[in-house]
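# Chains, contacts and geometry: an overview
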Amino acid sequence: MRIKIIVCLLCLFVQTKSLQLINSNDENIKLEISVGDQTTISVTLGDAIKISGQIGQDRNLEFPEDCDGATSCSLQTDDVSLSIDSIDSGFSISWQTSNTDSKFQDCLDLKASDTNWFGGPEKWEATWPVETVSYQNRIYTTLKGDNGAVAERYWLNSNGGYVFVGDKVPLYLDQNSAVLGSICFIAAATDSYTGREQVTLDYNLVVKGDAKEAHLHAVNNFLGKPQAHPDEWMIRNPIWTTWAKYKKDINDEVVVAFGQEIADQGFTGQIEIDDYWETCYGSLVFNDNQFANISGTVQALKDLGFTVTLWTHPFVNDDCEEPIQYGERNGYFIKSRNDDGSQETSWWDGNPAHHVDFTQEGARNWFSDRLKTLQESHGINSFKFDAGESDWTPPNPDLNADIEDSPNALTAAYVRTCAEFGGLLEVRSAWRTQDLGIFVRMLDRDSRWTLNNGLHSIITSLLQFNINGYGFVLPDMIGGNGYGDLPTAELLARWTQANAFMPAMQFSFLPWEITSDDFDGVAIIKKFVALHDEYTDSIVNAMENSISTGTPVNPPIWWVDPTNPDALKSNDQYLVGEEILVAPVIEQGATSRNIVIPAGTWKDGNDGTIYEGPQILTDYHAPIDVLPFFIKQ
């Protein structure tokens, strides 16, 4: 009895206060706030809860009485302010303090009502949907680790709700760690965010009828649409890179022979000359020991019908004396804001090295002018721009940008500099650059089948890029990079099929060099390169729709059936616009698979059978030379 009385007395001190904000544009949209031992929120559309969570971690919040029934609300406690305002189709929540030792933490529920979530960063193990992924206090910038080169601050759920976190927030991400079943947004002026005069956490919670409607709202209000698409030559024809096959063992003779061998098999496209070609990393001058006749090499490749691109990067190694001296003299390298002001950093091909500061106009011009000299001197068409993530710099980088845009401003400035080199280029990093008509490449893939950076991951990464607003996706090399094990003929064939309806195809390992006694791998790969060419007009049309309407180029299959739970969970199929459904075989040794057919009438691209969706096709027969795909009728 005594224990029961104590519990009851404690309960008296946990007073819950509820209030409701009403959206100023749509009275059917409400923000419910419940203040007790923690402050919980839910954003509703009519009777449906679209987003829920907890705000003000470790803060005692007292909302003014006049907030209840209002369209906005603000409160001040000590040096912390909180503002909640109506926006189109939702609410904005904004925390602010001038105490840079403070931090904010708000969390959203991931698993309420069997909800699926989409978006977030590119990841090594590319799980999709993303509600089961875990992060522990991950600094949320573009990162070299964990394939984190694309990291937009946008998450969308299957209920038709989304969150978009402001660009200037010093953001950390904690998911399924500090609070199981939640994604927590933490703002703190630490690590690469030091030097700020305030800490802010502001984000927008928007609700719509379904995930498709919500995403289109996000594109048109926050993410943005592309203004152009890449050159059709690069969309229609394969890229052939020297990297996976040769690594650094290249020279004039090797590259010309590579192109000749490809042309002899009846292919054309774009030859990409990868690492190693410079006199020293960052010189942007060809090494005469390997490329004494680079102009002749480029012309020979063009005579075979190829365009030619060249791998490059934003670093200058310390042994590259002339550009190091010039860059240091002119202040063109990134330095640390730490007391030592160090300019030294490192990357996978250089330690120590310097990083060009693309937030400075002079440094950008110096970098670009030297690349233009390569083009004019040797006939190079364009470039493969590597790196670009914000953490290749010295610690706590001192950029020529608003401190609240640091360090991601570096990624944006680098990518926008790269984009000036036309429609035949590729980058691998991105930050608020959805407007650019250039290819964004997936990070290097391993030669394996799995979701862990293998074949399966190119589909889930394709979906992640598209939901973040990057529809011009360049999947990594077909068959992977051969780090460790080389690809098998079966993996090459299935990878080619999975890639066939994506925006571009890229090879390095040559199909006629990796063969099987069980099937004609070369014939299969030629079949699906030809299929890609046949449907390039459809891919380009999807790109043009992306420019005009914001529709993803390769959306998840729920895009055409946004309330179908099977479609929402699918992670091994994709669409081309809204017209083509693709269901690759991605399991080793498999000759059949189950296929989710979303709502609508679909014609089998292989045998012409008509299917009415929604339904699940079980054990669809797909031997090694068959890619299941369906055309919307």
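It should be emphasised that the depicted structure is a prediction, and the values quoted were computed from it without experimental measurement. (Residues numbered from 1 in each chain as written. Predicted model: local features only at pLDDT ≥ 70, side-chain atom pairs only at ≥ 80, totals over all residues. Heavy atoms only, no water.)

With respect to the helices, strands and loops of the structure, P623 is situated in the loop between β32 (610–621) and β33 (629–632). Residue P623 is classed as partly exposed on the basis of its relative accessible area, which comes to 23%. In sequence terms P623 and L425 are 198 residues apart; their C-alpha atoms lie 35 Å from each other. Among residues more than four places away in sequence, those in contact with P623 are R494 and T591. (Helix = DSSP H or I, 4+ residues; strand = E, 2+ residues; numbered from the N terminus. Buried < 20%, exposed > 50% of the residue type's maximum accessible area, 1.4 Å probe, protein only. Contact = heavy atoms within 4.5 Å.)

The next subject is the state of the cysteines. Using the criterion set out here, one finds three disulfides in the structure. One disulfide bridge connects C67 with C73, the sulfur atoms lying 1.9 Å from each other. Handedness here is read from the sign of the S-S torsion; for C67 and C73, about 75°, the answer is right-handed. C73 matches C67 in its accessibility class, with the two residues each being buried. With a sulfur-sulfur separation of 2.1 Å, C107 is cross-linked through a disulfide to C184. A torsion of 105° about the S-S bond marks the disulfide between C107 and C184 as right-handed. Here C107, found in strand β8 (residues 103–109), pairs with C184, found in strand β14 (residues 182–188); they are 77 residues apart in sequence, far enough to count as distant. The pair C107 / C184 is uniform in exposure class, with both members buried. Of note for the protein: the bonded cysteines, numbered N- to C-terminal, pair according to 1-2, 3-4, 5-6. With no disulfide of its own, C418 lies closest to C320 among cysteine sulfurs, the gap being 18 Å. (Disulfide = S-S within 2.5 Å.)

Turning next to the nonpolar core. One finds F63, F185, F385 and F501 to be the most contacted residues of the largest nonpolar core, which totals 203 residues. In terms of residues, this core owes the most to one element, helix α10 (residues 455–467), which gives seven residues. Those residues within four positions of F63 in sequence are excluded, and the remaining contacts are K17, L19, I33, V35, T39, C73, L75, L82 and I84. (Core = buried A, V, L, I, M, F, W, Y, C linked by side-chain atoms within 4.5 Å.)

Here the residue pair N351 and P352 is connected by a cis peptide bond, since its omega of 5° sits within 30 degrees of zero. Among the structural elements, P352 can be located in strand β22 (residues 350–355). A cis amide bond links S406 to the next residue, P407, at an omega of 5°. Here P407 is to be found in the loop between β24 (397–398) and α9 (408–418).

A word on the packing of helix α11 (residues 489–499) against helix α12 (residues 521–534). Here α11 crosses α12 at 5°, and the two axes come no closer than 9 Å. Classified by the angle their axes make, α11 and α12 are roughly parallel. Contact residues: α11 offers L492, A493, T496, Q497 and N499, while α12 offers I524, I525, F528 and H532. (Axes fitted to C-alpha atoms, helices over the stretch in contact; angles between N-to-C directions. Parallel < 35°, antiparallel > 145°, perpendicular 65-115°, else oblique.)

The full count for this structure, using the stated rule, is three cavities of 30 Å³ or more. Here the largest cavity is characterised by a volume of approximately 110 Å³. Contributing to the lining of the largest cavity are 17 residues, with G119, P121, K123, T127 and V130 lying nearest its centre. At three residues, α10 tops the list of elements feeding residues into the lining of the largest cavity. (1 Å grid on protein atoms, 1.4 Å probe; cavity = no way out; pocket = protein on both sides within 12 Å on 5 of 7 lines; lining within 4 Å. Points joined across faces, edges and corners; volume = space filled by probe spheres on them.)

Among the structural elements, R153 can be located in the loop between β10 (135–139) and β11 (154–157). Taking the C-alpha atoms as reference, R153 lies 32 Å from N351; in sequence the two are 198 residues apart. Apart from the residues within four sequence positions on either side, R153 is in contact with Y140, V163, F164, V165, G166, D167, K168, V169, L171, Y193, N408 and W431. From its side chain, R153 meets the backbone oxygen of Y140 in a polar contact 3.4 Å long. (Polar contact = N/O pair within 3.5 Å; in protein donor to acceptor, adjacent residues only side chain to side chain.)

Interpretation note: all reported values are geometric properties and have no functional meaning in isolation.
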